Structure formats: C-alpha cells, structure tokens
Amino acid sequence: MAEQSANEAPIGPVEALGRALVGGIASFSRGISELGFGAALLVQSGYFLFFGRMRHQPVRLPSVIEQMMEIGIRALPIATVLSFVIGVTLAMQGIDLLKTFGAESQVVLAVALSISREFAPLIMGILVAGRSGSALAARIGTMVISQEIDALRVMGINPVRYLVVPALLAMALLMPLMTFWADVFGMLGAAVYARLELGMSFQAYADATFTALTVDHLMHGIGKSVIFAVWIALVAVVNGLAVTGGAEQVGRATTRTVVLSIAGIIVTDMLFIFVLTRG
Amino acid sequence: MDPTEHMAAGPRDTENAIVTEDAEPVVIDVRDLVTHYPGNAEPTLKGVNMRIYPNEIVCIMGGSGSGKSTLLRQIMALDRPTSGQVRILGHDLSAIGHRDMHELRKKIGVAFQGGAMFNSMTVGENLKLPLREHAKLAEEQMDIMVRMKLAFVSLDPETALKLPSELSGGMLKRAAMARAIMMDPGLLFCDEPSAGLDPAVSAALDDLILKLRDVMGMTIVVVTHERASAFKIADRIVILDKGKILMSGTLDELRATGPKRVQDLLDGVPEETEVANWI
Ligand SMILES: Nc1ncnc2c1ncn2[C@@H]1O[C@H](COP(=O)(O)OP(=O)(O)OP(=O)(O)O)[C@@H](O)[C@H]1O
Ligand SMILES: [Mg+2]
C-alpha cells in the first residue's frame, strides 16, 4: 500500500531531477560500454579478416557477396529514385535562388558540389541505416533469441567471423559504390530539370559539371560514406547482440539501431567537415 | 548419508571409453562449479560437483530455475564459471587454447531446445554447415552424409530441401539432432528434447537417443522436464535443486535412498512455491 501511494504521489522537482540524472548516468555508461564493445568488434573483425584463416576461422567470400547483394543490389531501385529526386529538388532550389542574382547557370556547380560532398553520402547513409542496418540488427537479435548464435559457437564457428565480418565488409565496400551511384543519378536528375527549365543541353550540363567537380570533391563524399558504413554495421551488431529477452526486444533493437545510426551519421558528418575545412 | 556419494556410481563401460589425458575414463568432470550472474543476489550454481562417464545417458532434472540450463551452458563451454572447474575430455575449459578448443568443438554435438536451426538456410544446408567448417568434403559426399543422418533420425531425404520454418515441431527437433550428430561427436547435449511434443513423437525421440548411445557409442547429457522420458532413457539421473546437486544415481538408487524432496521431484509433486511444471 505504502509503495503504491509513493508511486502515485507526484514527484517534486528535486526528485525528478535526481531521477533524470540517474537515468542519464545509466544511459551514458551504457553508451560508453557499447562504444567499447563496438570498438572491440571492429578490432576483432580486422583480425579475422586478415588472420582468420590461420585460426581455422576464414572469412568466406560467398557470405560477403550475399550480404552485398542484400545491402546494395536490392537497394539500387530505391537508391536510384531517391538520388534522382534529390537532384531535381536541388536544381529547383538552386535555380530559384540563383535567379535573384541572374546566375541560374551556376546551378551546375552548386548541385555538383552539394551532391558529391553532402547529399549522396548522407542520403545513402540514411537509406542503408533504415534498410540494411535495421535488418542486420533484427537478424542478429532473432538469432540470439533462437540460440542460433550459441549454435554457431558450439559448432566452433566464431559469430564475429561468420556474421559480423561479412556484414561489415559488405557495407564498407558497397556504401562508396552506392554513393557514387547517387552522385551520378543526382546530377542526372538536376540535368534533366535544368534542361526543362533553362533549356540547357545535357552536353553543356556535363561539361560544366566536369569543370566544377574535382576528384577531391568526389572522394570527400565517398570517404565519408565508408565511415558511415562501418558505423551503421557496428551499431546494428551491438544492438542485435544486446537482445536478451523476447521478440519485442528485437523490435526495440531495430528502432534503436536506426535512430543511433542516423544520429551518428549526422554528427560524424559534421565532425568530418569540421576537421577537413580546418586542415 | 551424503547424497553426493552417488556421483561416483555410474557405468564404467571401458569398451567405448574415451581415454582422457590422465587416462581416467571421465568425459565430463565438474568440480565446485559456481556461477553467479552479475546483478543477481545469489549465485545460480552454488558449488556443483558432477562426473559423467563414457557411454552413459545422464538426465539432469530439477525444478524451474534450479540452474539446469546454466549448468548445461557451462559444460557446453558457452559461459565462463565464476569459480570452479569444468573438464571435458581431459581439457580444463578455463585453460584451453583456441586450437584445442576448436578440436574439442568437433567432438561435441548440441541439440538446442528450439532447434536453433539457421532459418535462412535449408535443412540440408544447416546439416552441411559443420562439415563445411570442419571437414574438406566434396559436395556429393556431403549430400550423402546429410541423407545418412536424416535417415538415422527417421526423416525423409526431401526434408533436406525444406526450410526449418516448414517443419513441424517434432521434425525440427529431429533435424536439430541430425545436425548435432553430423560430425559423429562422442558427446551429445540435448536441451529439453521432448518438451512440448506429443507422447508418440516424444517416445520416438527417446528411442533415437538410446540408439545414439547404443549404435554410435555416444555419451549423452539430457536436460529434461519429462519424467517419463528421463525414467526411460537415463542410466543416471542428476537432480539439481536451487543450484546444488541434491542427488545423483540410477532411478532405483534415487527411489531407494533419496530423501523426501527427491521422491517428490520423481513423483512430480510440486513444491508449494513451485509452479507445477513437473506434472
Ligand atoms: N543470463 C542470465 N542472467 C541473469 N540471471 C540468469 C541468467 N540465466 C539464468 N539466470 C537465473 O538463474 C536461475 C537459473 O536459471 P536456469 O535457466 O539455469 O534455470 P533452469 O533450471 O534451466 O529452469 P527452467 O527449467 O525454467 O528452464 C534463474 O533464477 C534465472 O533467473
Ligand atoms: Mg532451462
């Protein structure tokens, strides 16, 4: 009875602050230990990738390719549509803004740089986080619950080597390719709009793009995309392996994966640019 | 009388004995095993001593929460003990190197409670997994072995082409058993093999376990709730209660000399506080 009334009683601001602080510290320490676990997974993955064969734990190419199919190839239609639409959107914004300066044709430069440096890696990162990161977390979480991870271990198959490395490798290999793909289709979308709106020929658009765009700009975006890929894969694996209870925990793990992946991508992006623009 | 005395009583059939390093025919030797899960007030296993001899079927029984699964995880080398020692086939699990561990894993088969079959693969691929990892065999040879093992557990050869999700509960347990014996292990662990199955299927699984001991010469540890099944297959029954071994011996020995609590457990009389999952 006493307990019940204590629970029902409205809590004072001090107590509320105290609770929030305790909760904050708890989630902070969880975050730290998860970061540590993720880093350990990354180190282990590197170890298995290069030395696994010596320990009878080789990373098998077919499973990497299977993951690449799942992450990249099956995502191509949506990746293509998204980047095309982003390209059109940027062209519309750009032309509308630049009109005030009478510099509509500069839209090519604006689109080329913003897509290659910012939008392509970001959009692909968000797409892969939502599509493949969540799927990976759900798959691993389900495997934990159904004891498939235990089954791997008793068969002498290291789960990091068998599950984590292929997913990590596939993401790290595919994200740059998908980012480049998004570069191409984003700029194509902008070119199509520029032709309709400004009557700019594809040839002229392409020429202007190649003048504006350097390898550095492309590599800026592609380099970031590799970091995003590793981040997404690790967040997914850490959350998947943290599942202990039942199916509802799998749902929570996938949600958490998507939220943390995207948040991480956006923050990493900012840090990346901060470091790069200062260097 | 000290109930632990019964632990030494077990068939010492040296014909199929697995000779261990110290030439003592003990397959599993558990000494003073304590397992304390972090966050729990009390240890789950409070000093367990148990020996399992070659070619015997040992059933571990006990009420819900008595620590059966925890003990099984320890002797499957899935978790590390808080203190105490587990030796399997002469290897001290706390001091084993990963090369020896890898070899040891090949000699141990595990049939998990829910089957723990990999849902993304066909049953045939599931069965081939240990072979792919541990043996260098041609695809045709592996197909032949899959068919042999399926036949051994009385499943049709076509089962190999199905997905685990397409099997009934009984078929899934058989398939899991088939995967567990793919490498012809000397030691087999079964977690609740007949839980949730109808009596006919359950009886057939009991026969299968007996056949594995008699035909393949395996040493088998079974965790079970099903009293009828344990009475039928067990050479020895180990009774676990609140993290300690209450008694161990043949059914007749337990019946003849067991204290009231043991008799109650054997008769399926629930403790007042215990949910009646023994009935
Ligand atoms: N991973 C874990 N973390 C914390 N506590 C655990 C964990 N696993 C088991 N326990 C605790 O240890 C005790 C024994 O659990 P265990 O699963 O070994 O029992 P059991 O004999 O297998 O029971 P059941 O017949 O219900 O499966 C329980 O009180 C449980 O809460
Ligand atoms: Mg259990």
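Relevant structure appears above.
All of the points below concern the structure found in this document. The structure displayed is predicted, hence computed values, not measured ones. (Residues numbered from 1 in each chain as written. Chains lettered and ligands numbered in written order. Predicted model: local features only at pLDDT ≥ 70, side-chain atom pairs only at ≥ 80, totals over all residues. Heavy atoms only, no water.)

## Quick word on the site of ligand 1
All names here are of chain B. For ligand 1, the full set of nearby residues is Tyr37, Asn40, Thr44, Gly63, Ser64, Gly65, Ser66, Gly67, Lys68, Ser69, Thr70 and His225. Side-chain polar atom of Lys68 to an oxygen atom of ligand 1: 2.8 Å apart, as the coordinates give it. For ligand 1, an oxygen atom lies 2.5 Å from a polar atom in the side chain of Thr70. Expressed as a share of its isolated accessible area of 630 Å², the protein-covered part of ligand 1 is 58%. Residues of the shell around ligand 1, tallied by class, amount to one nonpolar, 10 polar and one charged. (Near = heavy atom within 4 Å. Polar contact = N/O pair within 3.5 Å; in protein donor to acceptor, adjacent residues only side chain to side chain. Areas by Shrake-Rupley, 256 points an atom, 1.4 Å probe, with all protein chains shown as cover. Nonpolar A, V, L, I, M, F, W, Y, C, P; charged D, E, K, R; others polar.)

## Comments concerning the packing of aromatic side chains
All names here are of chain A. Scanning all chains against the criterion turns up three aromatic pairs over all chains. Here the aromatic rings of Tyr47 and Phe48 are separated by 5.7 Å at their centres, their planes lie at 75°, and the arrangement is edge-to-face. For Tyr47, a relative accessible area of 33% puts it in the partly exposed group. Between Trp181 and Phe185, the aromatic rings sit 4.9 Å apart at their centres with planes inclined by 35°, giving tilted as the arrangement. Taken together, the positions of Trp181 and Phe185, both in helix α7 (residues 159-198) and four residues apart, correspond to about one turn of that helix. (Phe/Tyr/Trp six-rings, centres within 6.5 Å; stacked < 30°, edge-to-face > 60°. Buried < 20%, exposed > 50% of the residue type's maximum accessible area, 1.4 Å probe, protein only. Helix = DSSP H or I, 4+ residues; strand = E, 2+ residues; numbered from the N terminus.)

## A closer look at the side chain of Lys224 of chain A
Assignment of secondary structure puts Lys224 of chain A in helix α9 (residues 215-241). Setting aside chain neighbours within four positions, we find Lys224 of chain A in contact with Arg117, Glu118, Pro121, Asp269, Phe272 and Ile273 of chain A. (Contact = heavy atoms within 4.5 Å.)

## Comments concerning the packing of helix α5 (residues 107-145) of chain A against α9 of chain A
Residue and element names in this part refer to chain A. Viewed as axis vectors pointing N to C, α5 and α9 meet at an angle of 15°, and their least axial separation amounts to 8 Å. In terms of orientation, α5 lies roughly parallel with respect to α9. Judged by the twist between their axes, the crossing of α5 over α9 is right-handed. Tallied by class, residues from the contact of α5 with α9 come to 16 nonpolar, nine polar and three charged. (Axes fitted to C-alpha atoms, helices over the stretch in contact; angles between N-to-C directions. Parallel < 35°, antiparallel > 145°, perpendicular 65-115°, else oblique. Left-handed = near helix turned anticlockwise from the far one by under 90°.)

## A word on the packing of α7 of chain A against α9 of chain A
All names here are of chain A. One way to put it is that α7 packs onto α9 with a least axis distance of 8 Å and a crossing angle of 145°. Crossing of α7 over α9 shows right-handed handedness. Each of Val164, Leu168, Met171, Ala172, Met175, Pro176, Thr179, Phe180 and Asp183 in α7 lies in contact with α9, whose residues at this interface are Leu218, Gly221, Ile222, Ser225, Val226, Phe228, Ala229, Val230, Ile232, Ala233, Leu234 and Val237. When the residues that make up the contact of α7 with α9 are grouped by side-chain class, the tally is 17 nonpolar, three polar and one charged.

## A word on the layout of surface pockets
Of the volumes computed, that of the largest pocket is approximately 1,200 Å³. In this structure, the largest pocket is lined by 44 residues; those nearest its centre are Arg153 and Pro159 of chain A together with Ala77, Leu78 and Arg105 of chain B. Every element with two or more residues in the lining of the largest pocket is listed here: α2 (13-51), α5, α6 (148-154), α7 and α9 of chain A together with α1 (68-75), β4 (83-88) and α2 (98-106) of chain B. Its residues placed into classes, the lining of the largest pocket shows 22 nonpolar, 14 polar and eight charged. Considered as a void within the structure, the second largest pocket measures approximately 870 Å³ in volume. What lines the second largest pocket is a set of 32 residues, and nearest its centre among them are Glu66, Arg139 and Tyr162 of chain A together with Ser120 and Met121 of chain B. A total of seven residues in the lining of the second largest pocket trace back to one element, the largest contributor, which is α5 of chain A. Taken together, the residues of the lining of the second largest pocket sort by class into 15 nonpolar, six polar and 11 charged. (1 Å grid on protein atoms, 1.4 Å probe; cavity = no way out; pocket = protein on both sides within 12 Å on 5 of 7 lines; lining within 4 Å. Points joined across faces, edges and corners; volume = space filled by probe spheres on them.)

## Quick word on the sheet that holds strand β9 (residues 236-241) of chain B
Residue and element names in this part refer to chain B. Pairing within the open sheet is mixed, and its six strands lie in the order β6-β7-β8-β3-β9-β10. Strands at the two margins of the open sheet, each flanked by one partner only, are β6 (108-111) and β10 (244-249). Across the sheet, the mean angle from the axis of one strand to that of its neighbour is 15°, orientation sign disregarded. Across five bridges, the pairing between strand β7 (residues 187-191) and strand β8 (residues 219-223) is parallel. For Asp191, the partnering residue across the bridge sits in β8 and is Val223. Across the sheet, helix α6 (residues 199-216) lies against β3 (57-62), β7 and β8, angled at about 155° from β8, the strand it touches most. (Pairing = 2+ DSSP bridges.)

## A word on the interface of chain A and chain B
Between chain A and chain B, the residue contacts involve 18 residues of the former and 24 residues of the latter. Taken together, both faces of the contact between chain A and chain B bury some 1,800 Å²; the carbon and sulfur share is 54%. Among the residues chain A hides against chain B, the three largest losses belong to Arg153, Val154 and Met155 of chain A. Together they make up 34% of the total. The partner of Glu133 of chain B in a salt bridge is Arg60 of chain A, with the nearest N and O atoms 3.3 Å apart. For the side of chain A that touches chain B, the secondary structure elements donating two or more residues are α6 and α7 of chain A. Top element by residues in the side of chain A that touches chain B is α6 of chain A. It accounts for six residues. Among the residues making up the side of chain A that touches chain B, the classes are represented as seven nonpolar, five polar and six charged. (Buried area = accessible area lost by both parts, 1.4 Å probe. Salt bridge = Lys/Arg side-chain N within 4 Å of Asp/Glu carboxyl O.)

## Regarding empty space enclosed by the protein
In this approach a probe as big as a water molecule rolls over the atoms, and the regions it shows empty are the leftover space. Taken as a whole and assessed by the stated rule, the structure comprises four cavities of 30 Å³ or more. Here the largest cavity defines a volume of roughly 140 Å³. Around the largest cavity, the lining is made up of 15 residues, and of these Met155 of chain A together with Ile108, Gly109, Arg179 and Ala180 of chain B lie nearest the centre. Residue assignment for the lining of the largest cavity shows that the elements contributing at least two residues are α6 of chain A together with α2, β6, α3 (123-134) and α5 (169-180) of chain B. The biggest single contributor to the lining of the largest cavity is β6 of chain B, with three residues. Across the lining of the largest cavity, the residue classes break down as 10 nonpolar, two polar and three charged.

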